[in-house]
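A structural walkthrough
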There are 2 protein chains.
Amino acid sequence: MNDSIRVIVLGTGQMGSGIARLLLQKVGLQLSGVYARRKQREGMEVGRVIGLGRDLGIHVATNLEEVLDRTLPHVAIQATCSTVADALEEISTLLRYGVPVISIAEEMAFPRYRSPTMAGEMETLAIQHSVAVLGTGINPGFVLDLLIIALTGICADVQAISAQRVNDLSPYGPSVLETQGIGLTPEEFDKGVEKGRVVGHIGFPESIHMLASALGWTIDRIEEERKPIISKVFRETPFVVVQPGQVAGCLHRAVAYRGDKAVVTLHHPQQIHPHLEGVETGDVIEITGTPNIRLVGTPEIPGGVGTCALAVNMIPRVLNAQPGLYSMADLPVPAAILGDARKLLGKSVGKTIHG
Amino acid sequence: MNDSIRVIVLGTGQMGSGIARLLLQKVGLQLSGVYARRKQREGMEVGRVIGLGRDLGIHVATNLEEVLDRTLPHVAIQATCSTVADALEEISTLLRYGVPVISIAEEMAFPRYRSPTMAGEMETLAIQHSVAVLGTGINPGFVLDLLIIALTGICADVQAISAQRVNDLSPYGPSVLETQGIGLTPEEFDKGVEKGRVVGHIGFPESIHMLASALGWTIDRIEEERKPIISKVFRETPFVVVQPGQVAGCLHRAVAYRGDKAVVTLHHPQQIHPHLEGVETGDVIEITGTPNIRLVGTPEIPGGVGTCALAVNMIPRVLNAQPGLYSMADLPVPAAILGDARKLLGKSVGKTIHG
C-alpha cells in the first residue's frame, strides 16, 4: 500500500478544526499540515488549536508557502473565507505548487457566476498544473443544489423548483453568527442589511446558477430578501447571547425568474436554537414537473458536520478528476469514506496521486 | 450548432416506448432508430408501436446490426431485459460499433458483483472502442443506492443504512407484473418463488454492492425474503386482474451483513394499486451515523417515468465520460434536460460526439 494521502487544512476556525479532526479519524488520509491566517496562531500545537485534547506534533503555520515547501501535500482543504475574491490568492498558490484544492468558501460552490474572471484564472492554473479545484459545502454545494439537481434527473420535465431549509446555527462560530445579525436589535439588523454587514446566507445565487446550469435554464433575475427573526425568548450559544426582542437569526429568501415566471424559490430561515420557540428544523424540496417530487428531511441535514464531512469525503473524487475547476454537479456524488481512502483512488478514470 | 445527438432505443415494451416518446420531446436529441427483439414487430411504424398517435417515418427493426449499419447513432438505450447475461450480446454489438450504451437492465446497475466476467468483457470492449457503458434506472440505480450514497457524503461516519420503498406497480407492463407473482394465489406465489418464476424486485444485491463499493464496506452475506401481498379487495390494471385473496404484489426484503451486523436493510413491498387498501406509497431513507439522516419522499419517486427520464437524462453524462463501464455512483448526477442537450456536451472533460 502506498503512503497515506497527505492533506493540509487552511483555516483553524470551527470548520477548519472540524475538518482536521475528521481527517484524523480516516484510514489512508493523513493531516500533514495546518495553515492559519491569524498570525497569533503561528507555531501553536495543532492538537490544541482544533480542540483534540492531545498533541499531534504538528504546528500551525501562517505562511502557506512554508507549509508547502516543508511537505508537499496531495490535496488541500480551504476553510478560511466565504468569497471567491478572498479565496483566490490561497487557491492560486496551492495550484502553482500542483496541489488540488477543495474549498468550502460559499462562493466557490459555483464561482463562474459571480466571479467569472477569477474562476477562469483558477481554471487555467488548475489545467496548467494538472490538478482539480472543487467548491463544496452543505449549502451551497449540497442540499439546495446538488440534491435538487439529482432529483430532477428522474424528471421528464420540470416547471418550477421550491426548497426550504430551516436550520439551527447554534454550532457555528462567531463569524457566521455576525453575518446573520444574531444578537442585534431589529433596527441594527435592518441597518446592517443596508450597509452589507448582515448578509444572511451566502450562496443563493451560486445554488441557483448551479441548478440552472445543470438544467439548461437561463435565469433573468434573482430577487433576494432578508428579514430579522426576532426572538421571543432568551437564547445563547458559546459565542452570542440573544435577549427577547433581539434578533435570533435571518430569514433569507431568493426567487429566480425566467421572464416573469418564478422558477426557483429558496426559503432559508437561519437562527440559533429554533426549537426554543417550537420551530422544527428540516429540509424540504419540491419539484413541480413530470413527475412532481416532494422530499422532506427532518431534522435538517446539519450544516457544520455536513460541510466538514463533504470536504473530506470529496478527496477521492477530486484526486480522480481530470484537471479543471468543478462544482459538485460536475463530479460523481460524495460517499462517506468508511474504509481505506487510498482504495478509492481510481486507476482508469484519472490521474494517480503524485508525490 | 451540430446535428442532433442520434439515439437508438432497444426495446418496445412499456419502458422502451416511454423512453422513445421522451426522446421526441427533447431539443438536441433525435430518435434515429428503434430495435425490438420480437420478430413480429419488424417493419412496424414506430409512432404506432410506442403509442404516439402519429407516424414518425421510422420503422422497427429486429436485426440490431441492420439498425447500426443504416445510421450510426451517437448513443443507444437498452430496454430489452433485466439480467447482465441477457443484456450482454446487444451491448457487445453496440460497443463493437463504437456506440456508447445506457442500459436499464436491472443487473446492469452494478454488473461487477453478480457477473464479474461479463462485466469485465464489456469494460474491455468499451475501452477498446473508446466509449462508455452505464447501467441506470430508478431502482436499482437511484432511490435505494445513488441517493443513499450521496446522503452518506455528508456523514463523518455511518453505522447502518435502512431504506424502504413502497411503490405502485400499476403503470408497469406484463413482464414486470409476472415476476412479482401478481394475480397468483398465495400457494402459486410460494411455488413461483421456489421455482424462480416469482423473483420479486431485481436489484437488491446490485444496490447493496454499489453502496458497499462506494463506502468501502465488504459485505459478508445478503439475506433476501419474498412474501405475497394478499389483496383484500378487487384490483386491476390493463395487464392483470386480482381477486380478493389473490396476490397483489410481492414484499421483498434484503438484509446485508458485515459479520453478524446488519448494515444495510432494504424493504420493498411492490404491488398494484396500494391505495385501494389505504397503503400510502413513499420512499424512506434512514442513515444511522454522524449525523443521523432521515429523508422521506411521498408519494414514491415513480418508477416508470423515473427510469425513462434517467435513461434520457444520463445521455450527456455518458457522452462526456471517459471510456469504461460505469455505475450511477461513478458519474456526475443526472439532471433533467430542459434546454438543448447538445449544450451539455463538455469540451474539456471528455470526448466530443463522433459521427
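Residues numbered from 1 in each chain as written. Chains lettered and ligands numbered in written order. Predicted model: local features only at pLDDT ≥ 70, side-chain atom pairs only at ≥ 80, totals over all residues. Heavy atoms only, no water.

**Focus on the overall build of chain A**
Using the following cut-off: The helix and strand labels rest on DSSP assignments: H or I over at least four residues marks a helix, E over at least two residues marks a strand, and numbering proceeds from the N terminus. For the radius of gyration, the atoms used are the C-alpha atoms, and the globule rule reads 2.2 Å times the number of residues raised to 0.38. Residue burial is assigned from relative accessible area. The probe radius is 1.4 Å, only protein chains are included, and a residue is buried under 20% of its type maximum, exposed over 50%, and partly exposed in between. The criterion used for residue contact is that any of the two residues' heavy atoms lie within 4.5 Å. Where accessible areas are quoted, they stem from the Shrake-Rupley method and a 1.4 Å probe; at the residue level, only the protein chains shown are allowed to cover. Only four residue types enter the charge count: Lys and Arg as positive, Asp and Glu as negative, with His and the chain ends excluded. By convention, the charge on Lys lies at NZ, on Arg at CZ, on Asp at CG and on Glu at CD.
Helices and strands together make up the secondary structure of chain A, namely 12 helices and 14 strands. Here chain A has a C-alpha radius of gyration of 20 Å; the compact-globule value for 355 residues is 20 Å, and the two agree. In terms of principal-axis extent, the alpha carbons of chain A reach across some 50 × 50 × 35 Å. Counting every position in chain A, which comprises 355 residues, the buried fraction comes to 61%. Considering only contacts in chain A between residues 6 or more positions apart, those separated by 24 or more positions represent 73%. Summed over its atoms, the accessible surface of chain A is roughly 13300 Å², and 48% of this surface lies on carbon and sulfur atoms. If the 31 positive side-chain charges of chain A are averaged to one point and the 36 negative ones to another, these points end up 4 Å apart.

**Re the packing of aromatic side chains**
Note the threshold: Whether two aromatic rings pair depends on their centres lying within 6.5 Å, for rings of Phe, Tyr and Trp, where Trp uses its six-membered ring; planes under 30 degrees apart make the pair stacked, over 60 edge-to-face, and the rest tilted. Both a distance and an angle decide whether a charge sits over a ring: NZ of Lys or CZ of Arg must be within 6 Å of the ring centre and within 35 degrees of the ring normal.
Using the criterion set out here, one finds 0 aromatic pairs over all chains in the structure. For the cation-ring pair, Arg-221 of chain A lies above Tyr-257 of chain A, with the distance from its terminal atom to the ring centre recorded as 4.0 Å.

**What about the interface of chain B and chain A?**
By a frequent convention, interface size equals the accessible area lost on bringing the separate parts together. Counted only if it meets this: Note: buried area is the sum, over both parts, of the accessible area (probe 1.4 Å) each one loses when the two are combined. Salt bridges, as used here, are contacts in which a Lys or Arg side-chain nitrogen is within 4 Å of a carboxyl oxygen on Asp or Glu. In protein, a polar contact requires one atom able to donate a hydrogen and another able to accept it; more generally it is a pair of N or O atoms within 3.5 Å, and residues adjacent in sequence count only if both atoms are side-chain atoms.
Across the contact, 50 residues belong to chain B and 50 residues belong to chain A. Counting each side, the surface lost to burial between chain B and chain A is near 3800 Å², with a carbon and sulfur contribution of 69%. In terms of surface lost to chain A, no three residues of chain B exceed Ile-154, Val-333 and Leu-338 of chain B, which account for 16% of the buried area on that side. Where chain B meets chain A, there are 0 salt bridges. If you look at where chain B meets chain A, you find 15 residue pairs in polar contact (both at pLDDT 80 or more). Elements represented by at least two residues in the side of chain B that touches chain A include exactly α7 (146-152), β6 (157-168), α10 (204-215), β13 (293-297) and α11 (303-313) of chain B.

**Quick notes on the confidence of the model for chain A**
Residue and element names in this part refer to chain A. How we decide: Looking at any residue, its pLDDT shows the predictor's confidence there, from 0 to 100.
In the predicted model, chain A carries a mean pLDDT of 94, and the fraction of residues at 70 or more is 97%. Considering only residues more than four positions removed or in separate chains, one finds that residues 347-355, a stretch of pLDDT under 50, has 23 contacts. This prediction of the complex comes with two scores: 0.95 for pTM and 0.95 for ipTM.

**Some details on the side chain of Glu-107 of chain A**
As for its position among the elements, Glu-107 of chain A is in the loop between β4 (101-103) and α5 (111-114). Within the structure, Glu-107 of chain A has its side chain in polar contact with the side chain of Arg-114 of chain A (distance 3.4 Å).

**Overview of the environment of Ser-175 of chain B**
Relative to the elements of secondary structure, Ser-175 of chain B occurs in helix α8 (residues 174-179). Placed 166 residues apart in sequence, Ser-175 of chain B and Ala-341 of chain B show a C-alpha to C-alpha distance of 32 Å.

**A closer look at the relation of the copies chain B and chain A**
Here is the rule we go by: For the least-squares superposition of copies, only C-alpha atoms count, and only for residues with pLDDT at least 70 in both.
In the superposition of chain B on chain A (RMSD 0.0 Å, axial shift 0.0 Å), the rotation amounts to 180°. The transformation just described matches what one would write down for a two-fold rotation axis. Among all residues of chain B, the minimum C-alpha distance to the rotation axis is found for Pro-332 of chain B, at 2.1 Å. The fraction of interface residues of chain B whose copies in chain A are also interface residues reaches 100%, indicating that both copies meet through the same surface.

**Notes on empty space enclosed by the protein**
Cut-off, in case you're wondering: Grid spacing is 1 Å over the protein atoms alone, the probe is 1.4 Å, and a cavity is where that probe fits but cannot get out, while a pocket is an open set with protein on both sides within 12 Å along at least five of seven lines and lining residues have an atom within 4 Å of a point. Grid points are joined across faces, edges and corners, and a volume is the space filled by probe spheres set on the points.
Here the structure, examined in full by the defined rule, presents 3 cavities of 30 Å³ or more. One number sums up the size of the largest cavity: a volume of about 40 Å³. Along the walls of the largest cavity sit Gly-297, Thr-298, Pro-299, Glu-300, Ile-301 and Pro-302 of chain A together with Asn-292, Ile-293 and Arg-294 of chain B, which together make up its complete lining.

**Focus on the pattern of salt bridges**
Within this structure, the stated rule accounts for 29 salt bridges over all chains. A salt bridge links Arg-48 of chain A to Asp-55 of chain A, with the nearest nitrogen and oxygen atoms 3.3 Å apart. Since its relative accessible area comes to 62%, Arg-48 of chain A is described here as exposed. Arg-112 of chain B is paired through a salt bridge with Glu-123 of chain B; the nearest N and O atoms lie 3.2 Å apart. Taken together, the residues span a long stretch of sequence, with Arg-112 of chain B in helix α5 (residues 111-114) and Glu-123 of chain B in helix α6 (residues 116-128) at a distance of 11 residues. For Arg-112 of chain B, a relative accessible area of 37% translates into the label partly exposed.

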